[in-house]
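Architecture at a glance
What follows is each chain in one-letter form.
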Amino acid sequence: MTYEAKLGGFADHIAQGGKVEAEDWMPDDYRRGVLKFIEMHANSEIMGALPERECLPMAPTLRRKMSLAAKIQDEVGHAQLLYRVAEDLGKSRDAMYQDLVNGRSKFHNVFHYPVFHWGDVAIIGWLIDGAALVTQAALLDSSYAPYTRVLKRICSEEQLHLRHGEHITMELASGTQAQRDMFQDALNRWWLPIIHFFGPKSNVAKDLLLRWKVKTRTNEDLRQEFLDRYVPKVLELGFSFPTPVPTRAESGQWLIKDEDIDWDPLDAIKRNEGPETERRLTTRRDIYQGHRWVREVLAEPAVHAA
Amino acid sequence: MDVYEVFRRSGHKDPFEHCGSVIASDSEMALLMAKECFLRRREGQHLWVARRTDIHSFKDESLLEIAADKSYRFPEAYRDVVAKREKARARAREVGAAAGESNR
Amino acid sequence: MSDSLISLLTALGDDELILGHRHSEWTGFAPHIEEDVAFSSIAQDEIGHAAGYFGILGTLTGDDPDHIALGRAPEDYRNAVLCERANGEWAYTLARHWLYDTADDLRLEVLESSAHEELAQLATKMRREERYHLIHADAWIKRVAHGPVEGRTRLEGGLSRAFGEAIGLFEPFEREDDAIKEGWLPTASSELRRRFIDRASASLDELGLPTEVRAGVDEAAEFVASSSGDLIASGEEPPGQGTRSTGGGGRRGVHSDDFRQLWDDMTRTYREHPGATW
């Protein structure tokens, strides 16, 4: 069979809603595209552990200390699931890790920002995880089947995280003025990054991942779903949004004007020049490279003492 | 001859599930046997066999139990979020009213 | 009647809380992803054990367990210095994890027959989790000890740093004599210390690790109060002048600089918002 014939068959298979397994034939640009996408998702889970990890030592109760630890543990677990799926597409975890710590690959914009206090935990756990869940749930029907299988578990854990984040938020919202101020302060800092999280308007004609049905919905569609779902929930708690301020359209939808969105910070992050990019990557690089010996130990089967 | 454990999956979205075992001299024969024994009514679209001796488990499976309270890992622990939401809304109204008062 | 019980529970709970806090600092950074997940569970277990001890303590003192955990002044914490040391690299963490869980197993074994029924039951429950901690720690120590030379060398370094201070886990706590008389702690710290040194030494010998890793341990040492009030082991120089640390002091609230930073982070949110609920 010629390459063109195989490609045609693959395209038909995808068009009819067919799924792809790691061992199936796939065009190189499909493999590359899926790998890059899942690798970035995996990177984001492991880098996403860090902002919350920075808040973990200051947890205000024993139970929050354990539940936040468990929540971050889940995120690391998601990285484990995703790196395994990505590895089966032909790139080793070590290669992906080297690319990550040396700034050659990417991770989601929201994990390039600093955290200051417990209000950040509320925002990350509720609104950022809420945003992530909207985007991840949209991938459950992706054409790449191994990805969808791990996403099932990831999404169900994210549901739990969302509850956990909302739980923390509600406690702050019904607490002292200082606690309410913590949430508002965090919201002021995180709102624009959350809007950036969905990315600019998708170019449907050019987006290979949409064409191959790896992704099934556009960025603007996902952002709209997020706004409609969460803006009213934040407002009813008596908090307010900074720029870009969402406004209610006659249709009932919550809209953000494109001209209100400053994209410069996102562009800087795409160059790996976010406020915390360098520090977090350096820490991870130092620990990773300083512990090569650990991976060497694990690479050898146990020798049992005589 | 070895025991081969048999796993099948009905579609791409599901995990493989164990469905039985066969005794065979190699994996080729194990697959052929398993196909008709376990998938002859379209019970699955994917089939795996694995030699039983290649499957490992803890000798003492009580290790897998969760001994102490880990309720915070489960959704049930956050059910009271509904009541907390109500409390937060009430607090927001209280704060809003106070703000309105001071603006007058 | 309960002062000695309070003192015992404070020491036990603080060890677990502070070590759990340190362990949890690896979250997201452990040198291997699967191990990151595994070690987080161990951290959560230790913090959970602290919550267990503080729960009983709270019924005696009327204090909220979170207040006990996060609302005390630094000098009121009674954890052994070993638990508060900064994580350093994985080899030190591993050495401490193994030494601590070996010690804790011996301690829980005797607490299972404490005269305080609730404490005895808690010890039984915790020991089930500790069993996994020990399997985990043993598997790692064995692999590293028998593995490539770099790991083995680092492990020896970690053990050398941690072993001497692990003895501080058996520094007598305040009113220990009363606690023994009442049966809250059925076996004295000095006897537990002997058992610990025997068991850990035998394991290290079995792994073929050099005896130098135990250089910090003075098997004959007794913790006695020095003229300055600090606890030192007899037959040794006072801390600062001597050659090695016995890891003592923690049970009387004398901590290292590492603790100060930890305390500051750990209690910040709680301290800055008195009376708030979370």
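Residues numbered from 1 in each chain as written. Chains lettered and ligands numbered in written order. Predicted model: local features only at pLDDT ≥ 70, side-chain atom pairs only at ≥ 80, totals over all residues. Heavy atoms only, no water.

To continue, consider empty space enclosed by the protein. Across all of its chains, the model carries four cavities of 30 Å³ or more by this definition. Computed from the structure, the largest cavity encloses a volume of approximately 160 Å³. Lining the largest cavity are 17 residues, with Glu45, Glu75, Phe111, Asp129 and Ala132 of chain A positioned closest to its centre. Element by element, the count of residues in the lining of the largest cavity is highest for helix H2 (residues 28-55) of chain A, at six residues. Tallied by class, the residues present in the lining of the largest cavity amount to six nonpolar, five polar and six charged. Approximately 100 Å³ is the volume attributed to the second largest cavity. In terms of lining, the second largest cavity is formed by Leu8, Ala11, Leu12, Arg107, Leu169, Phe170, Glu171, Phe173, Leu185, Ser189, Leu192 and Arg251 of chain C. (1 Å grid on protein atoms, 1.4 Å probe; cavity = no way out; pocket = protein on both sides within 12 Å on 5 of 7 lines; lining within 4 Å. Points joined across faces, edges and corners; volume = space filled by probe spheres on them. Helix = DSSP H or I, 4+ residues; strand = E, 2+ residues; numbered from the N terminus. Nonpolar A, V, L, I, M, F, W, Y, C, P; charged D, E, K, R; others polar.)

Moving on, we come to the interface of chain A and chain B. Taken together, the contact pairs 28 residues of chain A with 22 residues of chain B. For the pair chain A and chain B, the two sides together bury roughly 2,400 Å², of which 56% comes from carbon and sulfur. Among the residues chain A hides against chain B, the three largest losses belong to Arg63, Leu160 and His167 of chain A. Together they make up 22% of the total. Along the contact surface separating chain A from chain B lie seven salt bridges. (Contact = heavy atoms within 4.5 Å. Buried area = accessible area lost by both parts, 1.4 Å probe. Salt bridge = Lys/Arg side-chain N within 4 Å of Asp/Glu carboxyl O.)

Contacts between the two partners involve 47 residues from chain A and, on the opposite side, 45 residues from chain C. Across the chain A to chain C interface the summed buried area is about 4,300 Å²; carbon plus sulfur atoms make up 68%. The tally of links from chain A across to chain C stands at one salt bridge. For Arg93 of chain A, the salt bridge identified is with Glu34 of chain C, shortest N-O distance 2.7 Å. Remark: the boundary between chain A and chain C carries 16 residue pairs in polar contact (both at pLDDT 80 or more). Element by element, the count of residues in the side of chain A that touches chain C is highest for helix H3 (residues 62-87) of chain A, at twelve residues. (Polar contact = N/O pair within 3.5 Å; in protein donor to acceptor, adjacent residues only side chain to side chain.)

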